[in-house]
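Chain residues, written in single-letter form:
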Amino acid sequence: MNNETILHEQLTGVHDLGHPAHEHHHHETFITKYVFSQDHKMISKQFLITGLIWAIVGGLFSVIFRLQLGYPETTFPWLEDFLGHWAKGGKLDPEFYYALVTMHGTILVFFVLTAGLSGTFSNFLIPLQVGARDMASPFLNMLSYWFFFMASIVMLISLFAQTGPASGGWTIYPPLSALGEASEGSKIGMDLWLVSMSLFIINALLGGLNYIVTVLNLRTKGMSMTRMPLTMWAFFFTAVLGVLSFPVLLSGCILLLFDRNLGTSFYLSDIFINGKILPNEGGSPILFQHLFWFLGHPEVYIIILPAMGIASEVMSVNSRKPIFGYMAMVGSLFAIASLSFMVWAHHMFVTGLNPFLGSFFVLLTLLIAVPSAIKVFNWLTTLWRGNLRFTPAMLYAIGFVSLFISGGLTGVFLGNSALDIHLHDTYFIIAHFHIVMGVAGMFGMFAGLYHWYPKMYGRYLNNTLGYIHFWVTMVGSYLIFWPMHYEGLAGMPRRYYEFSSWESFKMFGGLNEFISFVSILVFSAQLLFVFNFFYSIFKGRKVITQNPWGGATLEWTAPIRPGHGNWPGEIPEVHRWAYDYGKDGREFIPQTEPVGEHESRH
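No experiment lies behind these values; they were computed from the predicted model shown.

What follows deals with the overall build of the protein. The secondary structure content of the protein amounts to 19 helices and four strands. When its C-alpha atoms are laid out on the principal axes, the protein stretches across 80 × 50 × 50 Å. The buried share among the 602 residues of the protein stands at 59%. Looking at the protein alone, contacts between residues at least 24 apart form 77% of all its contacts between residues at least 6 apart.

Right, let's talk about the confidence of the model for the protein for a bit. In the predicted model, the protein carries a mean pLDDT of 91, and the fraction of residues at 70 or more is 95%. Note on residues 1-25: pLDDT is under 50 here. Beyond four places in sequence and across chains, it has 37 contacts.

Let us now look at the packing of aromatic side chains. Tallied over the entire structure, the rule returns 63 aromatic pairs. Relative to Trp 146, the ring of Phe 36 has its centre 5.0 Å away and its plane inclined at 35°; by these criteria the two rings are tilted. Pair noted here: Phe 36 is in the loop between α2 (30-35) and α3 (40-70) and Trp 146 is in helix α7 (residues 138-158), with a separation of 110 residues, a long-range link. With a centroid separation of 5.7 Å and an interplanar angle of 55°, the aromatic rings of Tyr 450 and Phe 529 are classed as tilted. Linking Tyr 450 in helix α16 (residues 427-457) with Phe 529 in helix α19 (residues 509-539), this pair joins segments that are 79 residues apart in sequence. You can call Tyr 450 buried: its relative accessible area is 6%.

Quick look at the nonpolar core now. Phe 110, Phe 121 and Phe 400 are the most contacted members of the largest nonpolar core, which totals 187 residues. Among the elements that take part in this core, α16 stands out by supplying 19 residues, more than any other. Leaving out residues up to four positions away in the same chain, Phe 110 has contacts with Ala 115, Trp 170, Met 197, Phe 200, Phe 246, Leu 249, Leu 295 and Glu 299.

Right, let's talk about the side chain of His 347 for a bit. Note that His 347 resides in the loop between α11 (326-339) and α12 (355-367). Side-chain polar atoms of His 347 contact the side chain of His 297, separated by 3.0 Å. Within polar-contact distance, the side chain of His 347 engages the side chain of His 346 at 3.2 Å. Residues contacting His 347, with those up to four places away along its chain left out, are Trp 293, His 297 and His 424.

Time to look at helix α5 (residues 94-112). With 19 residues, α5 should reach 27 Å at 1.5 Å per residue; the first-to-last C-alpha distance of 26 Å fits that figure. In terms of burial, α5 is largely enclosed, as 16 of its 19 residues are buried. At the N-terminal end of α5, a side-chain oxygen is found 3.0 Å from the backbone nitrogen of Glu 95, two or three residues along, and the residue is Asp 93.

Turning our eyes to something else, we now look at the environment of Ile 126. Examined against the element boundaries, Ile 126 turns out to sit in helix α6 (residues 115-130). Overall, the relative accessible area of 0% leaves Ile 126 in the buried class. The spatial distance from the C-alpha of Ile 126 to the C-alpha of Asp 259 is 40 Å, given a sequence separation of 133 residues. Those residues in contact with Ile 126, other than ones at most four positions away along the chain, are Phe 121, Met 135, Tyr 211, Thr 214, Val 215, Met 232 and Phe 235.

Here we come to the packing of helix α17 (residues 463-489) against α19. Where α17 contacts α19, the axes come no closer than 9 Å and their chain directions differ by 155°. What the angle tells us is that α17 and α19 run roughly antiparallel. Remark: the crossing between α17 and α19 carries left-handed chirality. Across the contact of α17 with α19, the residue classes tally to 17 nonpolar, nine polar and one charged.

The next point concerns the environment of Arg 495. By the secondary structure assignment, Arg 495 is in the loop between α17 and α18 (503-506). For the pair Arg 495 and Leu 108, spaced 387 residues apart in the sequence, the C-alpha separation amounts to 16 Å.

Two numbers describe how helix α8 (residues 188-217) lies on helix α9 (residues 230-261): the axes approach to 8 Å, and their chain directions differ by 155°. The orientation of α8 with respect to α9, classified from their angle, is roughly antiparallel. Considering the relative orientation of α8 and α9, their crossing is left-handed. The residue inventory of the contact of α8 with α9, partitioned by class, reads 24 nonpolar, four polar and two charged.

On to α11, then. Over its 14 residues, α11 runs 20 Å from end to end, which matches the ideal 20 Å to within 8%, given 1.5 Å per residue. Here α11 has its buried residues at Tyr 326, Met 329, Val 330, Ser 332, Leu 333, Ile 336, Ala 337 and Leu 339. Next to the buried residues of α11 lie α9, α10 (285-319), α12 and α13 (369-383).

Further remarks concern the pattern of salt bridges. Summed over all chains, the structure comprises nine salt bridges. The shortest N-O distance in the salt bridge between Asp 580 and Arg 576 comes to 2.7 Å. Take Arg 576: its relative accessible area is 3%, and that puts it in the buried class. We note a salt bridge from Asp 580 to Lys 583, for which the minimum N-O separation is 3.7 Å. You'll find Asp 580 and Lys 583 in the same group, each marked buried. Overlapping salt bridges bring together Arg 576, Asp 580 and Lys 583 as one network.

Take unusual backbone geometry next. Cis rather than trans, the peptide bond between Pro 174 and Pro 175 has omega equal to 10°. Note on placement: Pro 175 falls in the loop between α7 and α8. The backbone phi angle of Arg 385 is positive, close to 60°, even though this residue is not glycine. As for its position among the elements, Arg 385 is in the loop between α13 and α14 (392-415). Overall, the relative accessible area of 74% leaves Arg 385 in the exposed class. Positive phi is not limited to glycine here, since Asp 584 has a value of about 50°. Topologically, Asp 584 is positioned in the loop between β3 (581-583) and β4 (586-588).

Within the secondary structure layout, Ser 44 lies in helix α3. Residue class for Ser 44 comes out buried when judged on its relative accessible area of 0%. The residues contacting Ser 44, other than those within four sequence positions of it, are Gly 119, Thr 120, Asn 123, Phe 124 and Met 456.

About the cut-offs
Residues numbered from 1 in each chain as written. Predicted model: local features only at pLDDT ≥ 70, side-chain atom pairs only at ≥ 80, totals over all residues. Heavy atoms only, no water. Helix = DSSP H or I, 4+ residues; strand = E, 2+ residues; numbered from the N terminus. Buried < 20%, exposed > 50% of the residue type's maximum accessible area, 1.4 Å probe, protein only. Contact = heavy atoms within 4.5 Å. pLDDT = per-residue confidence, 0-100. Phe/Tyr/Trp six-rings, centres within 6.5 Å; stacked < 30°, edge-to-face > 60°. Core = buried A, V, L, I, M, F, W, Y, C linked by side-chain atoms within 4.5 Å. Polar contact = N/O pair within 3.5 Å; in protein donor to acceptor, adjacent residues only side chain to side chain. Expected span 1.5 Å × (residues − 1). Axes fitted to C-alpha atoms, helices over the stretch in contact; angles between N-to-C directions. Parallel < 35°, antiparallel > 145°, perpendicular 65-115°, else oblique. Left-handed = near helix turned anticlockwise from the far one by under 90°. Nonpolar A, V, L, I, M, F, W, Y, C, P; charged D, E, K, R; others polar. Salt bridge = Lys/Arg side-chain N within 4 Å of Asp/Glu carboxyl O.

Next up, the structure:
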């Protein structure tokens, strides 16, 4: 028995002969098993459930401010009971409206679609799909969740600040965010927002480093990089993006805290308040925009790349076909990840950016459509003439592709600097990024949850509720966001409290009411999913087969409910790539099966 084998036994409590060793984790308390767990599977569930709670909060905020936008003349007395002085007489306070918009964006982008999506599936799948007992550093993995949890607590506290939570938009642009006197939402709530985001970024960095090291160093025997499922490539590139870009936002947040509390002038210069000039000189609010968007655009792909990997895996398994163009898919993931660092200034075409410099960002922005188109072509070709099984996971994966195509096409308009001047900060922006990133990212998350829920909890989600959830969400999302393109083309600005004062926007009153009504329906469907999720943990149909979907990847070789260490006995050895479906008359061939002497080659 070599040193590595002995180390595995000490870490996992599992002998390679398949007999459980009497190690500490067999005597775990509730605290060590469910709270301060170092098992990657439990940590993934912690990320998931925390993310689901935040999704409900963020979604509820959107319903509340949509009530204001859809029914600006109506009062809702229950709002005063719920929000107190922020909704006197049942009418939302304009200051608090902006805070709700800010917190909705922050929560959904960072706490749900970054931590909830990547934190859940990177943690759960990386060790299981590359063939590792756990993450490279289980302790750092536990710490990453607890930094996320602390960030959540600080952000939650900010919601109850007397002056209200941060209200500078989710991008928190100075000088509004740098001056406490500027608005109620620029006081203590803004400081708490910045502290929370700093803690969140530490979580992202600890997690990302762990994911990278695990993929590079802990793959099982035979698991070469080109035999990894596309989920692993997607999570790997996502982690690299996070490690390289999140520190830039951290510096931006810390410098903003300095400007707010220490009298520095990184972002402030020549500011007048009530006729009085402030002493700050030499700063530039545009600097913050550069720091924010240098993370902000990779952040789009930190959200969408995991969803791409999940959709690829789910579609291949449920079409019973190999993924089309595996190396092209890997190459396009790499191209998207690389180009995402070179396009951040397309968010800043209206800041006075040199038009000649802007033309380079236009070119690079439009260039990123090429690897995106490759991925779409390969997904559609994977589906073409496949033996399709329309499980809820498969529907969400196909829905993801639909949203990615339709939302991505509107990005061509915004990538053009001349058109962007008209469309910037209108409802066209809201429609574009909600479809291509927000809803598409959620669809990737739902596809993964419906597909791997049996491996996570040993039970199935209810299929009927799953189908209802899908169709209401799919149709509702298009009904909410597609009409917003037309409002944006008409110049209707985002983040405004109400539009009845403008003759040019009054004509959209009925459309806004319709959008608000549908948003309430879609939010109700998400509550149905949350019920399905928690009910199925305890009462769902039990999984009785190790590989319920007929998947070829390694996680389906582990027990139905894997223990800490994932496999009793030796870790399986890999002999082939992850997509041998419909080959030589067989429905699927697991990665662990040796390649036969007369087996056909792809």
